[in-house]
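Each chain, letter by letter, is given below.
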Amino acid sequence: SVANVTIDPVKHKVTWHGKEIKVIPQEFQLLELLMRHKNEVFSHEALAERAWSSFSESSTDTVRVHMYRLRKKFVGGSTECPLRTVHSRGYVFADD
């Protein structure tokens, strides 16, 4: 559990503040990667390369779309989304 986010790699289940968040497999892969490397910034290219093996799935536009959708799922409540955009660099799972 990091920043009140818990993932279950076996069930592909994500909870945030005890509430289940429905994610698709690609979103789960991105979230799991970022959580394993909390506070480390990843470029779009690095996320695509590390999260997916297939080139067709790994375009930077695909990463942007999945990150946008994933971040929207963390909206609500009084706590800020732990997935952050770092201008001109990429994304980070911030544990602060």
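Report on the accompanying structure. (Residues numbered from 1 in each chain as written. Predicted model: local features only at pLDDT ≥ 70, side-chain atom pairs only at ≥ 80, totals over all residues. Heavy atoms only, no water.)

1. With respect to the sheet that holds strand β1 (residues 5–8)
By definition, the strands of a sheet pair up through backbone hydrogen bonds, in either a parallel or an antiparallel sense.
Reasoning step 1: Ordered in space as β1-β2-β3, the 3 strands form an open sheet in which the pairing is antiparallel. A single partner strand is all that each edge strand has here, and the edge strands are β1 and β3 (19–21). Direction aside, the axes of adjacent strands within the sheet are offset by 30 degrees on average.
Reasoning step 2: Where β1 lies against strand β2 (residues 13–16), 4 bridges are found, and the strand directions are antiparallel. Residue pairing for β2: Val-5 is matched across the bridge by Trp-16.
Reasoning step 3: In this fold helix α1 (residues 25–36) packs onto β1 and β2, with an angle of close to 120 degrees to the strand it touches most, β1. (Pairing = 2+ DSSP bridges. Helix = DSSP H or I, 4+ residues; strand = E, 2+ residues; numbered from the N terminus. Axes fitted to C-alpha atoms, helices over the stretch in contact; angles between N-to-C directions. Contact = heavy atoms within 4.5 Å.)

2. A closer look at the environment of Asn-39
Reasoning step 1: Looking at the element boundaries, Asn-39 is found in the loop between α1 and α2 (44–51).
Reasoning step 2: Note: C-alpha distance between Asn-39 and Val-92 (53 residues apart in sequence) is 5.8 Å.
Reasoning step 3: Apart from the residues within four sequence positions on either side, Asn-39 is in contact with Val-92, Phe-93, Ala-94 and Asp-95.
Reasoning step 4: A distance of 3.0 Å separates the side chain of Asn-39 from the backbone nitrogen of Asp-95, its partner in a polar contact. (Polar contact = N/O pair within 3.5 Å; in protein donor to acceptor, adjacent residues only side chain to side chain.)

3. What about the nonpolar core?
Reasoning step 1: Counting residues in each nonpolar core, the largest one holds 25 residues, and the members touching the most others are Val-5, Val-14, Leu-31, Leu-47, Phe-74, Leu-83 and Phe-93.
Reasoning step 2: Counting residues per element, the ones that place at least two in this core are β2, α1, α2, α3 (60–73) and β5 (90–93).
Reasoning step 3: Looking at which element gives the most residues to this core, the answer is α1, with 6 residues.
Reasoning step 4: Setting aside its immediate chain neighbours within four residues, Phe-93 contacts Val-2, Ala-3, Val-5, Leu-31, Leu-34, Met-35, Lys-38, Asn-39, Pro-82 and Leu-83. (Core = buried A, V, L, I, M, F, W, Y, C linked by side-chain atoms within 4.5 Å. Buried < 20%, exposed > 50% of the residue type's maximum accessible area, 1.4 Å probe, protein only.)

4. A word on the side chain of His-44
Reasoning step 1: With respect to the helices, strands and loops of the structure, His-44 is situated in helix α2.
Reasoning step 2: Those residues in contact with His-44 that sit more than four places away from it in its chain are Thr-60, Val-63, Arg-64, Gly-90 and Tyr-91.

5. Observations regarding the packing of aromatic side chains
Reasoning step 1: Using the criterion set out here, one finds 1 aromatic pair in the structure.
Reasoning step 2: Ring plane angle 70 degrees and centroid distance 5.2 Å describe the contact between Trp-16 and Phe-74, whose orientation is recorded as edge-to-face. Taken as a pair, Trp-16 in strand β2 and Phe-74 in the loop between α3 and β4 (83–86) lie far apart in primary sequence, 58 residues in all. In this pair, the class of Trp-16 matches that of Phe-74, namely buried. (Phe/Tyr/Trp six-rings, centres within 6.5 Å; stacked < 30°, edge-to-face > 60°.)

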